[in-house]
Amino acid sequence: MPPARTMFEKVWDDHVVADLGQDTCLIHIDRHFLHELSGTMSFKELDDPPRPVRHPELTFATLDHVIETLPGRGYTTRIPGGDGFISGLREGTRKHGLRLFDLEHPYQGIVHVVSPELGIALPGTTLVCGDSHTCTVGGVGALAWGIGSTEGGHVLATQTLLLTRPQTMRVNFEGTLPTHVSAKDLVLHLIGRISADGGNGYAVEYAGSAVRALGVEGRLTLCNMGIEFSARMTFVAPDDTTLSYLAGRPFAPKGRAWEQAAAYWRALPSDRGARFDREVRIDCSGLAPQVTWGTSPEQETGVDGHVPDPARAADPVARQGMERALSYMGLQPGQALAGLPIEGAFIGSCTNSRLDDLRAAAAVLKGGRVPAGVKAICTPGSTQVKRAAEAEGIDRIFRAAGFEWRESGCSFCMSGGVKGEGFGVQQRVVSTTNRNFEGRQGPGVRSHLASPVTVAASALAGRIADVRHLRA
């Protein structure tokens, strides 16, 4: 019998063009996605010497990073420097005959949202994009990772990349998720447990009963933050849930091609007895909704927890980092997180802006009202998500609760957008984004990462709130 293989090994082996030794291979890239920042720069790599795009049909582009999300946005942007990137992507895609989902296109949206919802990302495919959160689409069983603009130019010209083979890790999330605990809570808890560097050098497969119970949108959230613990790529093996999600998507296979693809996808899960370089097991049955207290996703705890004391950190470097984080966040050791007053709430980003996320938040917001002094914003992840949510009346619930309802785009995951229309210096914001670094949501903004339901509950309470007790 052939040796047992992990899913990663199966997909890797199927994509090796040439083995160059020392764990370095030339890998075929099945799909390539561009956005206006890195995509515009990647086109420049084709200019000297002039080279064509090798497989234009395998590259897609969308506008998401520096576009405005205010209702009635124009064809240009007021975000400083943004127009050059937008025009560069438009010109590059026209020149090379690539598909562009421009602002008026029904498929426009955040790259990592539209890629799976359109069936561009598929199980067993390799997919790259000039964005660190490309690992998101591992939620449908793709091997996906972020690349630089120079690498992007290489993919455009050759449809291949040089890649050092990563080690393998399996994270088993076991148990039944408690009420109001979601994929965002799982990944925050994982990062807090293994550290922001815990996945460095690994291709990480998520498994276990809690993962199997997640819908695909939850799996996409889980995979999205793989880069936050330094993983090379993160993914979930495809199953019936995956196939049901992908069936009928615009760019998914049809007819006989679907049947052939589905047969291949069903053979991808790791074989029984396959060996991983590292295994992690997490019991989810007692997990509380999570929230970050510092300026790294690893600085997190249950929403009912307290700010830790840096003096108890054995590592002096970690202690210094904790002290700086507390100074920036305006917090003290031992302080309870629940009850901290907030000035802002944001639901959006490639982490938590899909239809299931908006439905979950709307269920909490319904009948409630954000208090004066709290700026609350929702930015759907794609034009399709926005239209579907509006068809269900979700936008009316958000608006009635006092949220701004905006157009799709990266929005306040990208340093705050247009000056004066986001959050202010030292304002405390609870956010569904994936990063809480200093200044990530605007200069001096203090960001606490959480799930959509925790953000919704906190917005209504005007303070960091435990959704389990919001209306007790």
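Cut-offs applied
Residues numbered from 1 in each chain as written. Predicted model: local features only at pLDDT ≥ 70, side-chain atom pairs only at ≥ 80, totals over all residues. Heavy atoms only, no water. Helix = DSSP H or I, 4+ residues; strand = E, 2+ residues; numbered from the N terminus. Contact = heavy atoms within 4.5 Å. Expected span 1.5 Å × (residues − 1). Buried < 20%, exposed > 50% of the residue type's maximum accessible area, 1.4 Å probe, protein only. Arc of directions from axis to C-beta. Phe/Tyr/Trp six-rings, centres within 6.5 Å; stacked < 30°, edge-to-face > 60°. Lys NZ or Arg CZ within 6 Å of the ring centre and 35° of its normal.

Colleague: What exactly am I supposed to notice about the environment of methionine 41 here?
Modeller: Along the chain, the position of methionine 41 falls in helix H2 (residues 36–44). Along the chain, methionine 41 and glycine 130 lie 89 residues apart, while their C-alpha atoms are 9.5 Å from each other. Not counting chain neighbours up to four residues away, the residues in contact with methionine 41 comprise Phe85 and Ser149.

Colleague: Explain helix H10 (residues 255–266) here, please?
Modeller: Helical geometry note: an α-helix holds 3.6 residues per turn, so side chains three or four residues apart project in the same direction. In a regular helix each residue adds 1.5 Å, so 12 residues correspond to 16 Å; H10 covers 17 Å between its end C-alpha atoms and thus fits that length. Along H10, the residues that are buried comprise Trp258, Ala261, Ala262 and Trp265. Looking down the long axis of H10, one finds its buried residues gathered within 105° of arc, a one-sided arrangement. Elements that come into contact with the buried residues of H10 comprise helix H9 (240–246).

Colleague: Help me understand the packing of aromatic side chains in this model?
Modeller: Aromatic ring pairs are reported here in terms of the distance separating the ring centres and the angle at which the planes meet. Considering all chains together, one arrives at 12 aromatic pairs under this definition. Both rings, one in phenylalanine 60 and one in phenylalanine 251, keep their centres 5.2 Å apart while their planes meet at 80°; by these two values the pair is edge-to-face. Note that phenylalanine 60 is positioned in strand S4 (residues 59–62) and phenylalanine 251 in the loop between H9 and H10, a separation of 191 residues in sequence. Look at phenylalanine 60 and you get buried, because its relative accessible area is 3%. For phenylalanine 251, a relative accessible area of 25% puts it in the partly exposed group. Here the aromatic rings of tryptophan 258 and tryptophan 265 are separated by 5.3 Å at their centres, their planes lie at 85°, and the arrangement is edge-to-face. Under the relative-accessibility criterion, tryptophan 258 is labelled buried at 18%. The ring of tyrosine 75 is capped by arginine 90, whose NZ or CZ atom sits 3.4 Å from the centre of that ring. The ring of tyrosine 245 carries the charged tip of arginine 249 above its face, separated from the ring centre by 4.0 Å.

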